[in-house]
Amino acid sequence: MLKITEILSEAECYNKLRTMCWPDGQVLCPKCLSGNSHKIGQEDTKRRYKCIDCNRHINDLTGTLFQSSNLPLKFWMCCLYLMGLNVSNRQISLELGVSEKTAQTMTEQMRTEIKNNRPKTTLSGEVEFDEVYVVSGHKGHPASVKKGRKPRRRRLKGARGRGTLEKEKPPILGMIQRGGEVVIRMLENVQQKTIRPIIEKYVAKGTTTYTDEYDIYSQLNNWGYERHSVCHSAGEYARDDDGDGFCEVHVNTMEGFWSLLRSWLRPHRGISQEKLPAYLAFFRGGTQYQKMGAWIT
Ligand SMILES: [Zn+2]
């Protein structure tokens, strides 16, 4: 069998990493952020530099999550590529010829890195809000399971109610600017006091917002937003409020995003709530750069 890592060039992977870290070609010292350094040696893979301002020796991997890895950089690049194709950890381990545990550690580290380096985003203009509930327990984290918790039943009896983190069905709040970026966050629950700080952090005051009729959004006007709601329970999915012939009151863009997210999460067969936020960040990061045509209106 042909192994992808056998035909990848380690030097090209280093070139790619350098352009990712330093897009304008200037080496930045990760320790003192100076752009003043000189190259040592002639390697075409991992280059070494000396920072003129702080006198430290650095290399292409200093300050990255790859710096302490024993694997060649091409294994990491290849892993990232396969993650972009939504390949499972098991399949990644087979493609790279590493153990499943190693593949799992690599994907986890990269997802976490992406989550921790999310660019600052402010949504404005027309923004749709919506929430979904994902089944997510404590797979692989038995210590987090509450003592005395009853086993999960196949079917919930009686009133279903809204999902919460504690009920192992955490809500995910989505906010999408039409024609712009999206922000998604896993929540403990869907109470107004939970969603308000998140909305205020990511959505500019005065923004026109679209929601369904759910009452957690009822205070949006008091929080400084203009709110329009579509009444799903009355069979309404889009409404023309201003009489211009366009049904602008809808949350279809957010719902389109949820259907992509659901298909994306499916191959991973149940993600623990400890890991779910990192999966969300990776999926969200990917969608920002894809051609969004079909589902961004
Ligand atoms: Zn320095």
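Refer to the structure above for everything that follows.
What you see is a predicted model; the values in this text were computed from it and never measured.

Here we look at the packing of helix α2 (residues 73–84) against helix α4 (residues 100–116)
A packed helix pair is summarised by two numbers, namely the angle formed by the two axes and the spacing between the axes. At a closest axis distance of 10 Å, the pairing of α2 and α4 adopts a crossing angle of 75°. Classified by the interaxial angle, the pair formed by α2 and α4 is roughly perpendicular. Within the contact between the two elements, α2 uses Trp76, Cys79, Leu80 and Met83 and α4 uses Met106, Thr107 and Met110. Of the residues belonging to the contact of α2 with α4, the class tally is six nonpolar, one polar and no charged.

Digging into the nonpolar core
Within the largest apolar cluster, 29 residues are counted, with the highest numbers of intra-cluster contacts made by Val127, Met175, Ile176, Val182, Ile184 and Val203. The element contributing the most residues to this core is helix α7 (residues 276–289), with five residues. Here methionine 175 is in contact with Leu123, Val127, Phe129, Val182, Val183, Tyr202 and Val203, once residues within four sequence places are set aside. Core analysis: the next-biggest nonpolar cluster, separate from the first, contains 12 residues, Phe75, Cys78, Ile92 and Ala103 among them.

Some points on the sheet that holds strand β8 (residues 226–230)
Spatially, β6-β5-β4-β7-β8 is the arrangement adopted by the five strands of the open sheet, whose pairing is mixed. Two strands bound the open sheet, and with one partner strand each, they are β6 (182–186) and β8. Across the sheet, the axes of successive neighbouring strands diverge by a mean angle of 20°, strand direction being ignored. Across five bridges, the pairing between strand β5 (residues 171–177) and β6 is antiparallel. Bridge pairing links methionine 175 to valine 183 in β6. Across the sheet, helix α6 (residues 252–265) is in contact with β4 (126–133), β5 and β6; its angle to β5 comes to roughly 125°.

Definitions and limits used
- Residues numbered from 1 in each chain as written.
- Predicted model: local features only at pLDDT ≥ 70, side-chain atom pairs only at ≥ 80, totals over all residues.
- Axes fitted to C-alpha atoms, helices over the stretch in contact; angles between N-to-C directions.
- Helix = DSSP H or I, 4+ residues; strand = E, 2+ residues; numbered from the N terminus.
- Parallel < 35°, antiparallel > 145°, perpendicular 65-115°, else oblique.
- Contact = placed C-beta atoms within 7 Å.
- Nonpolar A, V, L, I, M, F, W, Y, C, P; charged D, E, K, R; others polar.
- Core = buried A, V, L, I, M, F, W, Y, C linked by C-beta atoms within 7 Å.
- Buried ≥ 20, exposed ≤ 12 C-beta atoms within 10 Å, placed from the backbone.
- Pairing = 2+ DSSP bridges.

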